[in-house]
Amino acid sequence: MDWNITAGRPVYVQLVEQMELALVNGTFPPGSKIPPVRELAADAGVNPNTMQRALQELENRGLLQAQRTAGRTVTADADALQALRRKRAVSLAAEFLYQMQALGLDRAETEELLRQTAEGGDRDE
Amino acid sequence: MLTKLLKYEWKTTARVLLPIGGGVLIFTILTGLANALLNHQSDLPAMVDFSQAMLNMIAVLVWIFLLAACVFVNVRQFYKLLGEQGYLMLSLPAAVWKHIAAKLICACAWSVIGGAFLILCGCILNMSFGGMSLNAGDSMAGLQPGILAALCLVMLFLLALLAGTYLDFYLACGIGGQFGQQRLLASIIAYFVLGFIEQILSTVLMMMAVFAWVAADGAAWMQFLYSVDSFWATIYLLLILLAFVLVLDAIKWAITQWLMTRRLNLA
Amino acid sequence: MNENVIYEAQDLHKRYGSRVALNGVSFAVTTGKLVGLLGPNGSGKTTLLKISAGLLTANGGCVLIDGQEPGVYTKSITSYLPDRMALPTEMRAADAVDLYADFYTDFDAAKARAMLADLHIEARNRIGAMSKGTQEKMQLCLTMSRSARLYLLDEPLGGVDPAARDYILQTILRNYHEDAALVLSTHLIGDIERALDEVIFLQEGSVLRQVGVDALREETGHSVDEYFREVYKC
């Protein structure tokens, strides 16, 4: 998977976000085993301890499950994943609306723009 | 660890010294052949005689060069240990005394081999080993065990002197290594200062020995020595000298080791 | 002191003549941590690592590695990468691997050969004929192929090209053990800060600050790199 760790924010927070994304978009399907910490850390070019901490956080939230035989699996609980997807979508939508407001578009204009963009694909600019 | 260090040391020095030795051997053989050919001719022009003499002189110079190269390579090995090579070698989990021992054993071995090699070269130059080896065999057979022991003692004494020579260089390198810059210069100066100190020390000790001898009724001692017979007297004297040189060597080694453990300062 | 401390310095002092290189450095590094030693040129990074590797004697204070002062034991558990080329230039790559295998019992020759192959370094290449960057890579491969308890890397990424830098970073991340600690000095923090647990900032021979990377990002809202530039602004 593609990792993109940017400056300014804690690495750990970014890892949690990007792992969440990987879980909801099916990079790691429900119930499947995820690679070991070391592997994931090397892949992302981050410290294994930081990756460990991020996975621990996801585990605490019930999105990952530690297996007794070492390793972690993605939760098979579809509701939990759905809730996560919903949460991420809501926060992105809120962010989008906030930005549109900042640009001075009202609600109708924003809806219109969304519709146009969705239909028109790569039209304009 | 010591054997590994020795092996590594040996390989590194052999890489330089063996080719030089080979070159010297070839040159000596060629000169020896020329000698063998020319010595049987009479009434050669003066020019040829002169060239032959020159050739022999060059051969001797080449031998001196070989000895100098041997000493230089071995001393340089130690100097480099306190410089760029130290980053690799002194990071190894080996005690400092093993580094010194490996370098010293290797240097002494090369010097002894170098000496033997030069004797061989001398024979080649005169094309005269036949007689030489026969003589050696004869005299060996005729040796008494006592003489043999004395010879061994002399060898040991020479070896201790040889080790002392190298330890002088090592100590000088160790002192030079204390400086931040101009280490080579500092080492060279240290070497000469050390030589000077040793000279003075020996003179003082000699004088003290003489005074002690006078004070302690040396004549009686002399009588004792004479009474034992001159052979044993020589052996005693050699033993005393050997002990003296060994103590000196030990002191030099100890200071070098102390500098390298407690005062190490790699450039 | 914490039992997990593998590497610590206590009030370490070092002078070169009248110039002070280290002026009372104290810190502790626990097992499992990847620590960056940051500071501008001349801040004492190399001096600190040389003392820790047992190649330089301090004027005061001490360095303890697994509770012991630098000596034969600490050298056997410390894998040190100097800031310069230390391998004999007349050697071939394969000779250098053999040398390490000979002297270090914790050296994994197979791993080293695999890494050299990945970096396209031929076993029969003479070290003296390699470019400076390749020599550095070679040396780093050898250093990381030991399974030491403490790795001390002095400017491991200095002269290495960006592509190899990624490989080396990955190598470091994959190879160091959980019960080992790794300390690397650098002044190019940008590329590697996300691989570090903690950073130690050195300034004029003293520890300015020792802080977790994420803690610093949380606190300042800046990357360590940005913070570094801020702190050491001329």
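Fair warning: this is a prediction, and the values are worked out from it, not measured in the lab.

Thresholds applied
Residues numbered from 1 in each chain as written. Chains lettered and ligands numbered in written order. Predicted model: local features only at pLDDT ≥ 70, side-chain atom pairs only at ≥ 80, totals over all residues. Heavy atoms only, no water. Helix = DSSP H or I, 4+ residues; strand = E, 2+ residues; numbered from the N terminus. Rg over C-alpha atoms; globule rule 2.2 N^0.38 Å. Buried < 20%, exposed > 50% of the residue type's maximum accessible area, 1.4 Å probe, protein only. Contact = heavy atoms within 4.5 Å. Areas by Shrake-Rupley, 256 points an atom, 1.4 Å probe, with all protein chains shown as cover. Lys, Arg positive; Asp, Glu negative; His and termini not counted. Charge placed at Lys NZ, Arg CZ, Asp CG, Glu CD. Pairing = 2+ DSSP bridges. Buried area = accessible area lost by both parts, 1.4 Å probe. Salt bridge = Lys/Arg side-chain N within 4 Å of Asp/Glu carboxyl O. Polar contact = N/O pair within 3.5 Å; in protein donor to acceptor, adjacent residues only side chain to side chain. Axes fitted to C-alpha atoms, helices over the stretch in contact; angles between N-to-C directions. Parallel < 35°, antiparallel > 145°, perpendicular 65-115°, else oblique. Left-handed = near helix turned anticlockwise from the far one by under 90°. Nonpolar A, V, L, I, M, F, W, Y, C, P; charged D, E, K, R; others polar. Domains from an automatic or database assignment.

Chemist: When you look at the overall build of chain A in this model, what are you seeing that I'm missing?
Modeler: For chain A, the helix and strand inventory stands at five helices and three strands. Going from the N terminus to the C terminus, chain A shows its helices and strands as α-β-α-α-β-β-α-α. Taken against the 2.2 N^0.38 rule, which gives 14 Å for 125 residues, the C-alpha radius of gyration of chain A at 18 Å runs more than 25% over that of a compact globule. By principal-axis analysis of the C-alpha atoms, chain A measures approximately 55 × 35 × 25 Å. Counting the 125 residues in chain A, one finds 34% classified as buried. Put simply, of all contacts in chain A between residues at least 6 apart along the chain, 48% involve residues at least 24 apart. Of the roughly 7700 Å² that chain A leaves accessible, carbon and sulfur atoms contribute 52%. Averaging the positions of the 14 positive and the 18 negative side-chain charges in chain A gives two centres separated by 10 Å.

Chemist: Is there a simple way to explain the pairing of strand β2 (residues 19-30) of chain C in this structure?
Modeler: Sheet faces and side chains relate simply in a regular strand, where the side chains alternate between the two faces. All names here are of chain C. One ladder, built from nine bridges, connects strand β1 (residues 5-16) with β2; its direction is antiparallel. Opposite Y16, over in β2, you have R19 as the bridge partner. Remark: two residues form the turn of the hairpin made by β1 and β2, two consecutive strands paired antiparallel; G17 in that turn has positive phi of roughly 65 degrees.

Chemist: How should the interface of chain A and chain C be read in this particular structure?
Modeler: Reports of interface size often rely on the accessible area that becomes lost once the parts have come together. In this assembly, 22 residues from chain A lie in contact with 20 residues from chain C. Summed over both partners, the interface of chain A with chain C comes to about 1600 Å²; 42% of that surface belongs to carbon and sulfur atoms. The largest contributions to the chain A side of the interface with chain C come from A:R38, A:A42 and A:N47, which together make up 32% of the buried area. In this structure, the connection of chain A to chain C is made through two salt bridges. In this structure, C:R174 engages A:E39 in a salt bridge whose closest nitrogen and oxygen atoms are separated by 2.5 Å. Taken together, chain A and chain C are joined by 13 residue pairs in polar contact (both at pLDDT 80 or more). Secondary-structure elements contributing two or more residues to the side of chain A that touches chain C are α1 (11-24), α2 (37-44) and α3 (48-60) of chain A.

Chemist: I'm lost on the packing of helix α4 (residues 109-118) of chain C against helix α6 (residues 162-175) of chain C in this one. Help?
Modeler: Residues and elements named next belong to chain C. In the contact formed by α4 and α6, the axes pass within 12 Å of each other and the chain directions differ by 160 degrees. Considered as vectors, α4 and α6 are oriented roughly antiparallel to each other. For α4 against α6, the interelement crossing comes out right-handed. Judged by residue contacts, K111, M115 and D118 of α4 engage Y167, T171 and N175 from α6. In the contact of α4 with α6, the residues fall into two nonpolar, two polar and two charged.

Chemist: How should I be thinking about the arrangement of the chains in this particular structure?
Modeler: Counting contacts across all two pairs of chains found in contact, the highest total belongs to chains B and C. There is no contact between chain A and chain B; across them, the least C-alpha separation is 27 Å.

Chemist: How should the packing of α1(A) against α3(A) be read in this particular structure?
Modeler: Residues and elements named next belong to chain A. It is at 9 Å that the axes of α1 and α3 come closest, and there the two elements cross at 50 degrees. Judged by the angle between their axes, α1 and α3 are oblique. Considering only the axes of α1 and α3, their crossing is right-handed. On the side of α1, the interface is formed by V11, Y12, L15, V16, M19 and E20, while α3 contributes T50, M51, R53, A54, L55, E57 and L58. Residue classes in the contact of α1 with α3 are distributed as nine nonpolar, one polar and three charged.

Chemist: Just to check I follow, could you spell out the interface of chain B and chain C for this structure?
Modeler: Contact with chain B, which involves 25 residues of that partner, is made by 22 residues of chain C. Both sides of the chain B and chain C interface together cover about 2200 Å² of buried area, and 60% of this is carbon and sulfur. The largest share of the area that chain B buries against chain C comes from B:Y87, B:L88 and B:P93, three residues that together contribute 30% of it. Linking chain B with chain C are one salt bridge, by the criterion used here. A salt bridge links C:D102 to B:K7, with the shortest nitrogen-to-oxygen separation between them at 3.0 Å. At the boundary of chain B and chain C, one finds ten residue pairs in polar contact (both at pLDDT 80 or more). Contributing elements (two or more residues each) for the side of chain B that touches chain C: α1 (2-39), α3 (86-89) and α9 (230-262) of chain B. In terms of residue count, α1(B) provides more of the side of chain B that touches chain C than any other element does, six residues in total. The class makeup of the residues in the side of chain B that touches chain C is 13 nonpolar, six polar and six charged.

Chemist: So what exactly am I meant to see when it comes to the domain arrangement of chain A here?
Modeler: Residues and elements named next belong to chain A. The assigned domain composition of chain A is domain 1 (11-76) and domain 2 (79-120). Inter-centroid distance (C-alpha atoms) of domain 1 to domain 2 is 27 Å. Listed per partner, the contact involves nine residues of domain 1 and six residues of domain 2. For the pair domain 1 and domain 2, the summed buried surface comes to about 710 Å²; carbon and sulfur atoms form 66% of the total. Area buried by domain 1 at its contact with domain 2 is led by E20, V24 and L63, which between them contribute 58% of it. Taken together, the links from domain 1 to domain 2 amount to one salt bridge. Here domain 1 and domain 2 share three residue pairs in polar contact (both at pLDDT 80 or more) between them. The residue inventory of the side of domain 1 that touches domain 2, partitioned by class, reads five nonpolar, one polar and three charged.

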